[in-house]
Amino acid sequence: MHSILICAVAGYLLGSIPFGYLLVRIFRGADVRTTGSGNIGATNVARTSRALGVATLISDALKGAAAVWLAYTILPNNRIAGFVAAFAAICGHVFPLWLRFRGGKGVATGVGAFVLVMPKAVLLAVGVFVLLILGFRYVSIASIMAAASLPVFAVLMMSALSPIEFLLVFLSSLFIVLRHHANIRRIMVGSEPKIQMSRK
């Protein structure tokens, strides 16, 4: 039990590293929270710099993966430890200790974390994301639907998924969807911006 708690705390602390905020502060001397949506995630960072947006995306995914890797190092072959660490990393990204608990939406961190726990389910969810991006060009819609599909794919692709494992996946997906509440409102009134698929 103590080891699981260590995995949770370590996962949260890793997840709470605000890479988007740090990268924009270091390379642009600005606070990314004062521009665009005010979010510290890759999509908003990309509005300042595409290169920094990509760096944020990769960094956020890697910190999620690092949380799960550390959990499996502490508790080898303990699948629940991986789920706990993944959920904790997402919580850390969404509610980072260092930024007064005002963080990102958890998409990239969730992908990086859960891909080590249930790769097939995550790849299917990423497939949903890509298809919706190509079809509608809304990052928010693609992210919401991909997150919502993850618990379903987890049930379909994971063998002997325990109730606690399913609960952690479900709560992770729910957090990500709820963090898109402002996007959902903008979608409903038709003011949500689309991404540009080609350079002008």
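This report concerns the structure included in the present document.

Conventions and cut-offs
- In this convention, every chain numbers its residues from 1, walking through the sequence in written order.
- Reporting in this predicted model follows two pLDDT cut-offs: at least 70 for local features of residues, and 80 or more for side-chain atom pairs to be given and counted; totals over whole chains, interfaces and linings ignore these cut-offs and use all residues.
- With hydrogens and water excluded, all non-hydrogen atoms of the structure serve as input to the side-chain values.
- Comment: elements are numbered from the N terminus, with helices defined as DSSP H or I runs of at least four residues and strands as E runs of at least two.
- Radius of gyration means the value over C-alpha atoms here, while the globule rule gives 2.2 Å times the residue count to the 0.38 power.
- Only heavy atoms matter for contacts: two residues are in contact if any of them lie within 4.5 Å across the pair.
- Areas reported as accessible are Shrake-Rupley estimates using a 1.4 Å probe. Residue values count occlusion only from the protein chains shown.
- Each axis is a line fitted through C-alpha atoms, and for a helix only the stretch in contact is used; angles between axes span 0 to 180 degrees, taken between their N-to-C directions.
- Should an angle lie under 35 degrees it is considered roughly parallel, over 145 roughly antiparallel, and from 65 to 115 roughly perpendicular; all remaining angles are considered oblique.
- Take the far helix as the reference: if the near one is turned anticlockwise from it by less than a right angle, the crossing is left-handed, and if turned clockwise, right-handed.
- Throughout, the ten residues Ala, Val, Leu, Ile, Met, Phe, Trp, Tyr, Cys and Pro are labelled nonpolar, Asp, Glu, Lys and Arg are labelled charged, and all others, Gly among them, are labelled polar.

This part covers the overall build of the protein. Across its full length, the protein carries 10 helices and 0 strands. Secondary structure elements in the protein, listed N-terminal to C-terminal, are α-α-α-α-α-α-α-α-α-α. Compactness check: the protein gives a C-alpha radius of gyration of 16 Å against a globular reference of 16 Å for 200 residues, within 12% of the reference. Taking the principal axes of the C-alpha coordinates as reference, the protein spans close to 50 × 35 × 25 Å. Sequence-distant contacts, at least 24 apart, represent 65% of the contacts inside the protein between residues at least 6 apart. If you sum the accessible surface of the protein, you get close to 10,400 Å²; carbon and sulfur atoms cover 71% of it.

Turning next to the packing of helix α4 (residues 50-74) against helix α6 (residues 107-114). The interhelical angle for the contact between α4 and α6, taken along N-to-C directions, is 40 degrees, at an axis separation of 7 Å. When the interaxial angle is binned, α4 and α6 end up oblique. Note that α4 runs across α6; the crossing there is right-handed. From α4, L57, D60, A61, K63, G64, A65 and V68 reach across to α6, where they touch A108, T109, G112 and A113. Within the contact of α4 with α6, the residues separate by chemical class into 6 nonpolar, 3 polar and 2 charged.

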